[in-house]
Amino acid sequence: MTEPLSVVTGGAGFIGSHLCSRLLAEGHLVYCVDNFITGSPANIEHLVGNERFTLIEHDVSKPVYVGPHVDNVLHFASPASPVDYLELPIQTLKVGSLGTHNSLGLAKHHGARYLLASTSEVYGDPLVHPQPESYWGNVNPVGPRGVYDEAKRFAEAMVMAYHRIHGLDTRIVRIFNTYGPRMRLRDGRVVPNFIRQALSGRALTVYGDGQQTRSFCYIDDLVEGVWRLLNSSETDPVNIGNPHEMTVLQFAEVIRSLTGSASEIKFQPLPVDDPKTRQPDIGRATDLLGWKPRVDLETGLETTISYFAQLLDT
Ligand code: NAD
Ligand code: UDP
């Protein structure tokens, strides 16, 4: 029997690089397709040289052909930090729409299984709390975040159309805020921002009054959830995230305490349409996949803080 071959778009990004490692560890051959727009060769340097890993530098918003056989296509390519997608609005819309279409076409050509990395942003600024998959969301299509949220909503619709019309074997994971090593130090998301600021003695920039909430999932838990979903038969969307919710201000205190930092807190304007609350309902992930997060916030953050401390030293 030949080894399964998995194509990971966005494989040189934060989540994608961890996913490539997991797939290799599970015995897959891996093709990583990435144009490095927000990813980095450093994220996959430990994989380059592994004969079962192939890097294809390519913009997946243009058609993508790989073969001779493909068993799984996992579409993770997309800017994901609000700062990134506000700087790259058209690329974000294109990779969510054209990139999803092209990667679906690749899966259809090979009769491969397809998994879309969707997001809690499909719920927008939610009016239902916590968010179950059955909630349709509250998204502003013409606001600055619309480029990401609507691209992912379009991507989900496209995946379901390929499933219904072409019988493609599809999965949709709605990922909630995930953190860990290999996030970019300056990607602008709250985890790298606060850790970098705390470690360098600068003020922690809390946006708004810091009363908005988030729930943070460690990367290893997320990858385990994605792996279980890929191997399940569930074709409807599944939330994967950590339900441990806190305010951004409380999160700033956690970072100050774990880093032993005396940094002050500086309040800055809240970005437009910043969701006020976010917490995943993980009932479906638990029932269908037997999944729940295992890594507590302190443990996950300690590993992440060590990673960023090393980057700041070099
Ligand atoms: P990331 O920016 O680290 O990784 C994205 C990767 O996609 C990068 O390597 C980038 O170069 C690549 N990419 C972007 N556009 C591309 C294109 N047109 N062609 C080829 N490659 C392209 O972000 P991440 O946090 O690892 O997010 C990965 C995926 O997970 C994204 O689809 C994102 O929407 C989704 N997601 C992440 C989170 C999170 O908390 N990290 C939450 C929800 C959803
Ligand atoms: N945030 C903050 N300070 C920062 C970066 C982010 O207060 O330096 C807030 C942001 O306004 C949001 C939350 O932290 O309410 C999470 O932001 P992030 O960019 O990590 O991702 P989001 O959950 O908004 O997609």
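See the structure printed just above.
If you're wondering where the values come from, they're calculated on a predicted model, not measured in any experiment. (Residues numbered from 1 in each chain as written. Chains lettered and ligands numbered in written order. Predicted model: local features only at pLDDT ≥ 70, side-chain atom pairs only at ≥ 80, totals over all residues. Heavy atoms only, no water.)

### Topic: the overall build of the chain
Right, so step 1: Looking only at helices and strands, one finds nine helices and 13 strands in the chain.
Right, so step 2: The globule rule puts the C-alpha radius of gyration for 314 residues at 20 Å, and the 19 Å found for the chain is close to it.
Right, so step 3: Principal-axis analysis of the C-alpha atoms gives the chain an extent of 55 × 45 × 40 Å.
Right, so step 4: Split into buried and exposed, the 314 residues of the chain put 55% on the buried side.
Right, so step 5: Taken as a whole, the chain presents about 13,400 Å² of accessible surface, with 53% of it coming from carbon and sulfur.
Right, so step 6: Both charge centroids of the chain, one from 27 positive and one from 35 negative side chains, sit 3 Å from each other. (Helix = DSSP H or I, 4+ residues; strand = E, 2+ residues; numbered from the N terminus. Rg over C-alpha atoms; globule rule 2.2 N^0.38 Å. Buried < 20%, exposed > 50% of the residue type's maximum accessible area, 1.4 Å probe, protein only. Areas by Shrake-Rupley, 256 points an atom, 1.4 Å probe, with all protein chains shown as cover. Lys, Arg positive; Asp, Glu negative; His and termini not counted. Charge placed at Lys NZ, Arg CZ, Asp CG, Glu CD.)

### Concerning the side chain of T235
Right, so step 1: In this fold, T235 is placed in the loop between α6 (219–230) and β11 (238–240).
Right, so step 2: Judged by its relative accessible area of 18%, T235 is buried.
Right, so step 3: In contact with T235, other than residues within four places in its own chain, are M160, H163, T170 and R171. (Contact = heavy atoms within 4.5 Å.)

### Observations regarding the site of ligand 1
Right, so step 1: Close contacts around ligand 1 come from 29 residues, with I15, D34, T38, Y148 and T178 the closest.
Right, so step 2: With respect to ligand 1, the backbone of V60 contributes an N or O atom lying 2.9 Å from a nitrogen atom.
Right, so step 3: One nitrogen or oxygen atom from the side chain of K152 is found 2.8 Å from an oxygen atom belonging to ligand 1.
Right, so step 4: In isolation ligand 1 has 830 Å² of accessible area, and contact with the protein removes 96% of it.
Right, so step 5: Elements with a minimum of two residues in the shell around ligand 1: α1 (14–25), β5 (113–119) and α4 (146–166).
Right, so step 6: No other element matches the three residues that β5 contributes to the shell around ligand 1. (Near = heavy atom within 4 Å. Polar contact = N/O pair within 3.5 Å; in protein donor to acceptor, adjacent residues only side chain to side chain.)

### With respect to α1
A turn of α-helix holds 3.6 residues, and therefore any two residues three or four places apart point the same way.
Right, so step 1: The end-to-end C-alpha separation of α1 is 17 Å, in line with the 16 Å expected for twelve residues at 1.5 Å each.
Right, so step 2: Most of α1 is tucked away: ten of the twelve residues are buried.
Right, so step 3: Looking only at α1, the buried set comprises F14, I15, G16, S17, H18, L19, C20, R22, L23 and L24.
Right, so step 4: G27, located one to two residues past α1, shows a positive phi value of around 95 degrees. (Expected span 1.5 Å × (residues − 1).)

### What about the pairing of strand β2 (residues 29–34)?
Right, so step 1: Judged by how many residues are buried, β2 sits mostly within the fold: five of six residues are covered.
Right, so step 2: Pairing geometry for strand β1 (residues 5–9) and β2, over five bridges, is parallel. Across the sheet, T9 pairs through a bridge with V33, a residue of β2.
Right, so step 3: Taken together, β1, α1 and β2 constitute a β-α-β crossover, and its handedness is right-handed.
Right, so step 4: Inspection of the sheet shows β2 paired to strand β3 (residues 53–57) by five bridges, in the parallel sense. Following the sheet pairing, Y31 is matched in β3 by T54. (Pairing = 2+ DSSP bridges. Right-handed = clockwise from strand over helix to strand, strands pointing away.)

### A few points about the site of ligand 2
Right, so step 1: As a matter of local geometry, ligand 2 sits amid 18 residues, with T205, Y207, R214, D274 and R278 nearest to it.
Right, so step 2: Within the side chain of N177, one N or O atom sits 2.8 Å away from an oxygen atom of ligand 2.
Right, so step 3: Contact between ligand 2 and D274: an oxygen atom at 2.6 Å from a side-chain N or O atom of the residue.
Right, so step 4: Calculation on ligand 2 without its partners gives an accessible area of 510 Å², and the protein chains cover 95% of this total.
Right, so step 5: Only α5 (190–199) and β8 (204–207) provide two or more residues apiece to the shell around ligand 2.
Right, so step 6: Here the residues of the shell around ligand 2 are counted per class, giving seven nonpolar, five polar and six charged. (Nonpolar A, V, L, I, M, F, W, Y, C, P; charged D, E, K, R; others polar.)

By themselves, these are just geometric observations and shouldn't be taken as functional.
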